[in-house]
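Reading the structure
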Amino acid sequence: QVQLVESGGGLVQPGGSLRLSCVASGSIFSIYAMAWYRQAPGKQRELVARIDNGGSTIYATSVKGRFTISRDNAKNTVYLQMNSLKPEDTAVYYCYRNFGGYWGQGTQVTVSS
């Protein structure tokens, strides 16, 4: 049984930073691509960033240059470092493994003064 558990969300002022973590269990972690998605109220869930098993990354245009996805295979963890946060980054952020279609429970990020 694969489980993905996110943490690190919270309330931050515009211009601030947060780091999200997603710990995976129940399966070999290092061979799979991992991703972060987000869903704002009234909007569709959208891809934020993805990292493959070789470390190659892709980003949504809206976060490029501000967010960084990374992984630590020894810790079965994928991270999302979010800098220069904007109010429009407010959303529930989800960890996702495409192979098998596994989602985490989500962590709320609120950017507000």
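Conventions adopted
- Residues numbered from 1 in each chain as written.
- Predicted model: local features only at pLDDT ≥ 70, side-chain atom pairs only at ≥ 80, totals over all residues.
- Heavy atoms only, no water.
- Phe/Tyr/Trp six-rings, centres within 6.5 Å; stacked < 30°, edge-to-face > 60°.
- Helix = DSSP H or I, 4+ residues; strand = E, 2+ residues; numbered from the N terminus.
- Buried < 20%, exposed > 50% of the residue type's maximum accessible area, 1.4 Å probe, protein only.
- Lys, Arg positive; Asp, Glu negative; His and termini not counted.
- Salt bridge = Lys/Arg side-chain N within 4 Å of Asp/Glu carboxyl O.
- Polar contact = N/O pair within 3.5 Å; in protein donor to acceptor, adjacent residues only side chain to side chain.
- Contact = heavy atoms within 4.5 Å.
- Core = buried A, V, L, I, M, F, W, Y, C linked by side-chain atoms within 4.5 Å.
- Pairing = 2+ DSSP bridges.

**Focus: the packing of aromatic side chains**
The final tally for this structure, using the stated rule, is five aromatic pairs. Pairing Tyr32 with Phe99 gives two aromatic rings, centres 5.2 Å apart and planes at 20°, and the pair type is stacked. Residue Tyr32 is found in the loop between β3 (18-25) and β4 (34-39), and its partner Phe99 is found in the loop between β9 (91-97) and β10 (102-103); the two are separated by 67 residues along the sequence. Owing to a relative accessible area of 55%, Phe99 belongs among the exposed residues under this scheme. Ring geometry for Tyr37 against Tyr96: centres 5.4 Å apart, planes inclined by 80°, an arrangement best described as edge-to-face.

**Describing unusual backbone geometry**
Even without a glycine there, the phi angle at Asn76 is positive, about 55°. Looking at the element boundaries, Asn76 is found in the loop between β7 (67-72) and β8 (77-82). Its relative accessible area of 25% is what places Asn76 among the partly exposed residues. Even without a glycine there, the phi angle at Ser84 is positive, about 50°.

**Re the side chain of Arg71**
Along the chain, the position of Arg71 falls in strand β7. Within the buried core, Arg71 has no salt-bridge partner, and the shortest N-O distance to an opposite charge, that of Asp52, equals 6.1 Å. A polar contact is formed between the side chain of Arg71 and the backbone oxygen of Tyr32, at a distance of 2.8 Å. Within the local environment of Arg71, its side chain forms a polar contact with the backbone oxygen of Asp52, the two atoms lying 3.2 Å apart. What Arg71 contacts, discounting residues up to four positions off in sequence, is Phe29, Ser30, Tyr32, Ala33, Met34, Ile51, Asp52, Asn53, Thr77 and Val78.

**Quick notes on the nonpolar core**
Counting residues in hydrophobic clusters, the biggest one holds 27 residues, and the most contacted among them are Trp36, Val48, Phe67, Val78, Leu80, Met82 and Tyr93. Secondary structure elements with two or more residues in this core: β3, β4, β5 (46-51), β7, β8, β9 and β11 (107-111).

**Regarding the pairing of β8**
Counting buried positions along β8 gives five out of six residues, so the element sits mostly inside the fold. Here six bridges tie β3 to β8, and the two strands are oriented antiparallel to one another. When the sheet's bridge partners are listed, Ser21 is paired in β8 with Tyr79.

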